[in-house]
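Spelled out, the chains give:
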Amino acid sequence: MKKIIVYSIVGLATALSGCKKDSDFLDIPPVQVLPSETVFSDPALILSVLGDLYNRQVDFSSLDGGWRTFADFSESFPSENGSDFLVTRSGWGYGEWGTWDYGYIRDLNLFLQRMDATEVSTKITAGDKARFLAEGRFLRANYYFEMVKRMGGVPLIIEPMQYDYKGDPTYLQRPRAKEAEIYDFVISEAEEIKNDLPANLADKSRATKAAALAMESRAALYAGSIAKYGATTPTVSLSTGEVGIAASQANGYYTIALRAANEIIDQSAGTVSLYRALPDLEENFAAIFLDKSSVNQESIFIEDFKAFAGKTHGFTTNDQPYSRSDEGGDAGRLNPSLNLVEQFELLNGTFAPLPIGTSASRIAYNNQEDLFAGRDARLRGTILVPGAYFKSGQLKIKAGEITSAGTIVTTDASGGSLVGTDGPVNGLEFRTQTGFYIRKWLDPQTGSGRRGRGSDVAFIRYRFGEVLLNAAEAAFELGQPAVAAGFMNQVRERAGITTPLTAADINFDRIVHERRVELAFEGHILFDYKRWRIADKVWNGDATSYSDIINNLGKATAKSTQPWGLWPYRVQDGANAGKWIYIETKPSRVTGVNRFQLGNYYSAIGDDIRAANPTIVRQPNQ
Amino acid sequence: MKTLSRFFLHNFAFAALPFLRQKKLLYLLTLFLISAVHLSAQDAARVTVTGVVKDSVGAPLPQVTVTEKGTSNATSTGADGRFTLQVASDHSILVFSSIGYSASEIRVGSRRDFDVPLQIANNGLGEVVVVGYGTKTKQSITGAVSSVSSRDLDRVHAASTVSSTLAGKLPGVTFRMPDGRPGASARIQIRNMGTPLYVIDGIQQDEGQFNNLAPNDIESITILKDASAAIYGVRAANGVVVVTTKKGSTGRNTINFDGYAGIQNWTRFPKVLNNSYDYMRYRAEAEINSNGNTNITEEELEKYKQGESAGKQYRSFDWSKYVLQKNATQNSVNLNINGGNDKVNYYVSATNLYQNSVLGREYKFNRSNLQSNVQAKVANGLRMGVQINGRIETRQNPGVPGGDDYWLSRFAVLRNTPRERPWANDNPKYLNDLGEHLETNYAFLNETISGKLKSEWRVLQANYTLEWQVPGIKGLNLRGMYSYYIADHLLNNQEYTYDAYTYHEDTDVYERTGGATNPWREREQTKLINTNTQVQANYNRTFGEHTIGATVVAERMNNKRFYNWLHASPISNNLPLIYFPTMDQYNDQQSEIARIGYIGRFNYGFANRYFLEISARRDASSLFEPSRRVGYFPGASAGWRITEEPFMKKLLGGSDILNDLKLRGSYGELGDDRNLDGGDIVAPYAYMEGYNYNMGTAIINGNAVTVSRDKGVPITRITWMTSKITDVGLDFALFRSRLAGSFDWFNRKRDGIVGNKNDVLVPIEIGYSLPQENIESDAVKGFEFSLNWNDQIGDVRYNVGGNFSYARQRTLSTYNPLFFNSWDQYFNDRRDRYSGGNWNDKNGGGDWGYEVIGQFQSMEEINNYTVNIDGLGNKTLLPGDLIYKDINNDGKIDSYDMRRVGYGTGRLPFINFGFTLGAAYKAFDFHIDFSGASGYTYNQNWEMRWAFQNNGNLNKIFEDRWHKVNPYDPNSAWVAGKYPALRYNQGGHSNYNRNSTFWLHNVTYLRARTIELGYTVSSKILSRVKMQRARFYLNAYNLFSFDNLKQYNIDPEIQDDNGLQFPQNKILNAGVNLSF
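Everything in this summary refers to the structure shown in the same document. (Residues numbered from 1 in each chain as written. Chains lettered and ligands numbered in written order. Predicted model: local features only at pLDDT ≥ 70, side-chain atom pairs only at ≥ 80, totals over all residues. Heavy atoms only, no water.)

### Quick word on the overall build of chain A
Then step 1. The helix and strand inventory of chain A stands at 21 helices and 13 strands.
Then step 2. For chain A, the C-alpha radius of gyration of 28 Å lies close to 25 Å, the compact-globule estimate for 622 residues.
Then step 3. Taking the principal axes of its C-alpha atoms as reference, chain A extends roughly 115 × 65 × 50 Å.
Then step 4. Counting every atom, chain A has about 21,300 Å² of accessible surface; 52% of that belongs to carbon and sulfur.
Then step 5. Charged side chains of chain A number 66 positive and 74 negative; the gap between the two group centres comes to 2 Å. (Helix = DSSP H or I, 4+ residues; strand = E, 2+ residues; numbered from the N terminus. Rg over C-alpha atoms; globule rule 2.2 N^0.38 Å. Areas by Shrake-Rupley, 256 points an atom, 1.4 Å probe, with all protein chains shown as cover. Lys, Arg positive; Asp, Glu negative; His and termini not counted. Charge placed at Lys NZ, Arg CZ, Asp CG, Glu CD.)

Spelled out as structure tokens, the structure:
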């Protein structure tokens, strides 16, 4: 009996092991997991890891990150019912704009550690290795810059950390660095790596010397203005320096900003120039953001996309004009506000409200676009106004008809004989509700507005136009207004403005205004207004009236708390029959008022983060 | 096939002769030859017996197993009840057994022809039951086991899958069938323990393979509910469903034909308004209640009342009539041939099932099954078996935008208003542009306009078994089995571009104003390849009153999955194939898991009175880090038949009150490498360091680069989850065995559920979270019982039976629970709470809500009410609105006023019951089966909760509402109703924006599953047409139901909050069983 069992067990075990040992049977080689040694011995795989690190860069507004961040701050109106909250709320939560992605930092640090340990071989030359390392450091510095913009000083971790399971994690708790220390880190990293990176712009999707310098110039400018303008909001600081920078450091940072910008301007990081390819300046300005060929020497560092290759974005699908949509009802979410439209100067460089007349006597125009003639080319390069063309079709923006007696005849459906297919109708989503559509970044390629295909317009993170404005601002702050005027005039001349600024014209309002119109919808406005400490004044929580908009053009601190629109109507009868008049309109869904509190200057650090690391101090005013 | 046969030989060489190495195959063959010679020499002395097996009223019984006792020499009866068997000598004993019948033993003696009556197993104890790696009579079973035979399953002609036939049939099976579309399956579990393991003819299989067997081919289904499942080991921790398919019978060959055809209609579905006047007047009322005014004037309403005579725009359209087409057909035909002699027997069967649906005729399901089971005696003591089964399963419907292609058609019924019409100007050449409602315009949801979807599964499985009675050692046999399973899934979906038009009456122009320009073409392919090798030694022998049994098994399983998916945007609807330039996405996956188990089991029985079983397993799974792969899991069970005790016999003194009484108990531990949802407990290769490839695409220098990401810190600390199942049971038979029943109490405690440790709080800045570990525990506790009564009054045989089960899951412990305050603990603590009762329930619970203590009766009551119900000082409230209980008495209603109000909306019921009534009189037979459940929740939400949800039509339940006599008159009096006053699509209102006892319903139902009346033609008539059997029947399924969801027009088993799930069907069938 016992014998039988023993024999059977031995027999069975032999039977199975005859084929394969248990451990061999269970050890299944993986197909999608690559061991680190394999990765770091093959440049193609290193690039594959680096590609992921490039993909994970955090931008405030990005083309694949949704359209909503573009639609905030009263610079536009969100025409999607689910996004109403942008105009019905009264300000922002303290947690907004926060970022704390130390998983990304860890992967960057792991990459640098493993790359650093890689031996130079015939497959990986010393030059390759230096460039890979420099790219990793660039991405890490760029993300620390993104964090300091939003959070102030953060724990500066530059090596991968690992818990030892011994029960006491205090050795892993790193306190927040000073805000200035993070900026210093970004600046010094840029300086250390810039010569390991290519001094040409052959591949703008990877870090270059120019990209490192552009980052350095922007970071130093931010640090300088926080040091200088932080004085106007003294409570927005912590005595231990995690938030706020001493005023005495301002000049130092501005000097760095100017020097780094000049290093690009003097072509020592590769050939760069403002984009001037097209004779029509409006078309030319729009093309900066569409032209990915080598003709475009303005873009410096981009996030690239490619149709039918696995990486596209839905910006065009979301924001294309309704009547030109490739995708039925998917369109029209981002409607620029009148607040922004009014900011564009006349070609002679003076401010003037759009001449629409008064409610008593409206000015009538033969063609819709006549109202916008003779303006800064950036207006129609950035925004599709009534009467504009997109994808070879004229937009149908018409709020209704009006009798000579002033009676408005309209309906609540778009696309009939009364209201244009593109709107505007109060509350009717996916059609404009301000009278305007976005043009910047909008892809004119056939099919780019389809959900399935998507658009491959690249997002420009750094461009030469901004570098010039960085230089101008730094020069102005360093007391060199003539130098500043020179830089600014380059940008303004490209926009068709005929009268150059003189040194006397340069003031803080001019600096702020130029960035607002040149860099609209590029993700700058929030951080610019924060570093100048004017966010709490511009978004002060008081309702905005039409006269608030037209009476304070070009004023840096003029309030802009609610997005307004400008609706075109066709005159039905009388002398002006068939002509167009415009009526300023606040879309009915705009019921909230933007209020930027002092506690909004730095995003809240989550309770979970502070519970896990008690050395992290809270933000001020929260 | 070549590889297959090589594998087969390779493995069986070892299975049959484990002491030999492969090179000694020659030796093996020699041995076979010797055995064969031996066999023919013995044949001379053998005797051939024949006979017929009948039931108590003399009807022939098919599928009865006839075994020569103590050997594996066996056959089974044909459709006419006849059998032929060669036995060793006159001293042999024949054992007749069949599931559902008492076994009977007869000594051969001098007789050669037998007429054997078999009694229905009143007491259930003589019944033969399939248990792990073998069969047993029920009286010797020590574990909690229930089974159901083909005789019960064959009556159910309901949905298309096997799971749907099990409602109420087995004590311990929890059942819910929320969706009833063609090809749908029910959700079943054993004792609510989680996804069970399915074992089909000895091979572990997935749920899909189980569900799509042809019901005709199933001989029996057994569920193992306690430690008796342990023998199936790896993944048996949630119970095992064991399926045995039919085998051939020796004797004459039989051809069976089974066919039925039927019509299906939805049990219940929400009803909507079908007339524009009603729609407009309710809408006006709702708008006045929401905003105080409406654009719909009374004059306008008057025109709607007149209808078309007032103008075209005042017509009505009945969408539910347009979308839902009654009496969808279904049919099934099965043809099987079986037979054999003492050397070879076979069962070959083909089945086709077709199901259509009431969502128009383009939504359908078709399945063809083939099953071929062949057994052969290749030499004396050596039997070989080959089972091959295959199926093609096809689901076809229009290619429809969105995830579930059945959704838009159902949604159309509730969303489209009677004012909207499918065609522009009613001209069927032009699809009407319904604007926001365009995609629910049912006119486009067909294969011509919206596209085509076809999903096909093709499955082939081959099992080879070899069984060798070891010569010289009586009672020892060796068995080897090799199984190869390949399943192939191909899904092709093309969603077309299309145009929608607006008709301009003034100009008589059809303008294209909408549609889709974005074509969607996808193809998905999956291949599953599972192999399973088992070698097994069994020893069974009786020495006087002692019976000893031992089983040793070694098994290896390997499951591979290959998957790819691609997407393209074809340039034309007329291109059914995919071309590279239009392709823009491609996703490729591959995975593999291997498991190894070694099992030992020992049985001992004494005098048919005491039974003991001990088992142990050693399991290894490739998922775990190599040093943590192995787990050891023991189990033991015992039974005591008290009525076999001499003292008991003396006590009963031959009285017929208590015929049988058995006490049994079991305890066992089982390992599980799955998590609570049935997925892998830890991702494959989680223990390795490295980079995951294919984590997206970056465009670098204009080229697409597939990117890689560090896979994170290795997870090395996870191992087996352990289930500990205790079961105590009682089986009994009373009153001349006419009443039989059993009772079980059980407790399944489970340790090692993965969770996060929280006592060490590592800074988030380290960039990763600490991996999970095996730290939590839960339990399922419950009981079940069944009772059956069988008797005969004159010519009427009848049986009445029922069963009831209770099984409820509860979390036992979580790791170091931390709470900020007592409310946090009340809300979030999972410990010692029933699952489904807390927000962060891992099994999807969360039925917390507010208690509604009434409805406001007047404006005055609202004005005087001190608790702030709506957060806005009650200014949005009207008479009829819900009054929430202010539990914490702080004067306002907020999340602190919630309490637990449900059992879990997505869960299976924790109470299940069924009962059955059967009767037969002469040629007629009648059956009615009921099943029911309780202890689960339905949450009335969305379309079922507020009026005009999504700007759609009005659900008719809201007609019973609070309203004013004249909505246009602000001073008009309020009339009471069931629902709050109508609002126009105001889901944010305090009535609707929170779950409450008003909207959550704890469901109880009892529904008539199968009602069948059959007529069997008498054998006298049949013999003239050379037929063995002919039976005709009428059959109804889901004919009626008693439940508390009827008032909402929804099926009681529904799960979707919005009530728009595809409900179960009410089915009427007519069928025939013929045997030749």
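### Quick look at unusual backbone geometry
Then step 1. Here A:G423 and A:P424 are connected by a cis peptide whose omega angle stands at 0 degrees.
Then step 2. Relative to the elements of secondary structure, A:P424 occurs in the loop between strand 9 (408-409) and strand 10 (437-438).
Then step 3. Of note in this structure, A:F308 is not a glycine but carries a positive phi near 60 degrees.
Then step 4. On the secondary structure map, A:F308 appears in the loop between strand 3 (299-303) and helix 12 (315-319).
Then step 5. Unlike most non-glycine residues, B:N889 shows phi in positive territory, near 50 degrees.
Then step 6. As for its placement among the helices and strands, B:N889 is situated in the loop between strand 43 (882-884) and strand 44 (899-900).
Then step 7. Its relative accessible area of 66% is what places B:N889 among the exposed residues. (Buried < 20%, exposed > 50% of the residue type's maximum accessible area, 1.4 Å probe, protein only.)

### Here we look at the interface of chain B and chain A
Then step 1. Contact residues are listed per partner, giving 80 residues for chain B and 81 residues for chain A.
Then step 2. The contact between chain B and chain A buries some 6,800 Å² in all, and 62% of this surface belongs to carbon and sulfur atoms.
Then step 3. Of all residues in chain B, B:R556, B:Y691 and B:E765 bury the most surface against chain A, accounting for 13% of the area lost on that side.
Then step 4. Between chain B and chain A we count five salt bridges in total.
Then step 5. Taking the shortest distance from any N to any O, the salt bridge between A:D27 and B:R629 comes out at 2.8 Å.
Then step 6. At the junction of chain B and chain A, the tally comes to 20 residue pairs in polar contact (both at pLDDT 80 or more).
Then step 7. Examining the composition of the side of chain B that touches chain A, we find that eleven residues originate from one element, strand 28 (residues 583-606) of chain B, more than from any other.
Then step 8. When its residues are assigned to classes, the side of chain B that touches chain A shows 43 nonpolar, 21 polar and 16 charged.
Then step 9. By the bridge criterion, two bridges tie strand 1 (residues 33-34) of chain A to strand 32 (residues 691-692) of chain B in an arrangement that is antiparallel. Paired with A:L34 across the bridge in strand 32 of chain B is B:Y691. (Contact = heavy atoms within 4.5 Å. Buried area = accessible area lost by both parts, 1.4 Å probe. Salt bridge = Lys/Arg side-chain N within 4 Å of Asp/Glu carboxyl O. Polar contact = N/O pair within 3.5 Å; in protein donor to acceptor, adjacent residues only side chain to side chain. Nonpolar A, V, L, I, M, F, W, Y, C, P; charged D, E, K, R; others polar. Pairing = 2+ DSSP bridges.)

### Concerning empty space enclosed by the protein
All names here are of chain A.
Then step 1. Within this model, the largest cavity holds a volume of roughly 270 Å³.
Then step 2. In this structure, the largest cavity is lined by 22 residues; those nearest its centre are D59, E146, K149, R218 and R461.
Then step 3. Among the elements that line the lining of the largest cavity, the one with the most residues is helix 7 (residues 126-151), at six residues.
Then step 4. When its residues are assigned to classes, the lining of the largest cavity shows nine nonpolar, five polar and eight charged.
Then step 5. What the second largest cavity holds in volume is close to 220 Å³.
Then step 6. As for the second largest cavity, its lining consists of 21 residues, of which L519, A520, F521, H524 and I525 are closest to the centre. (1 Å grid on protein atoms, 1.4 Å probe; cavity = no way out; pocket = protein on both sides within 12 Å on 5 of 7 lines; lining within 4 Å. Points joined across faces, edges and corners; volume = space filled by probe spheres on them.)

### Some points on the sheet that holds strand 35 (residues 709-710) of chain B
Then step 1. Strand order in the open sheet formed by three strands is 1(A)-32(B)-35(B), and the pairing between neighbours is antiparallel. At either end of the open sheet lies a strand with only one pairing partner, and these are strand 1 of chain A together with strand 35 of chain B.

### Considerations on the pattern of salt bridges
Then step 1. Using the criterion set out here, one finds 114 salt bridges over all chains in the structure.
Then step 2. The salt bridge involving B:R709 is made with A:D52; its shortest N-O contact spans 2.9 Å. Separated into two different chains, B:R709 in strand 35 and A:D52 in helix 4 (residues 43-55) make up a pair that spans both.
Then step 3. With relative accessibility at 26%, the residue B:R709 sits in the partly exposed group.
Then step 4. Note on A:D52: relative accessible area 2%, which makes it buried.

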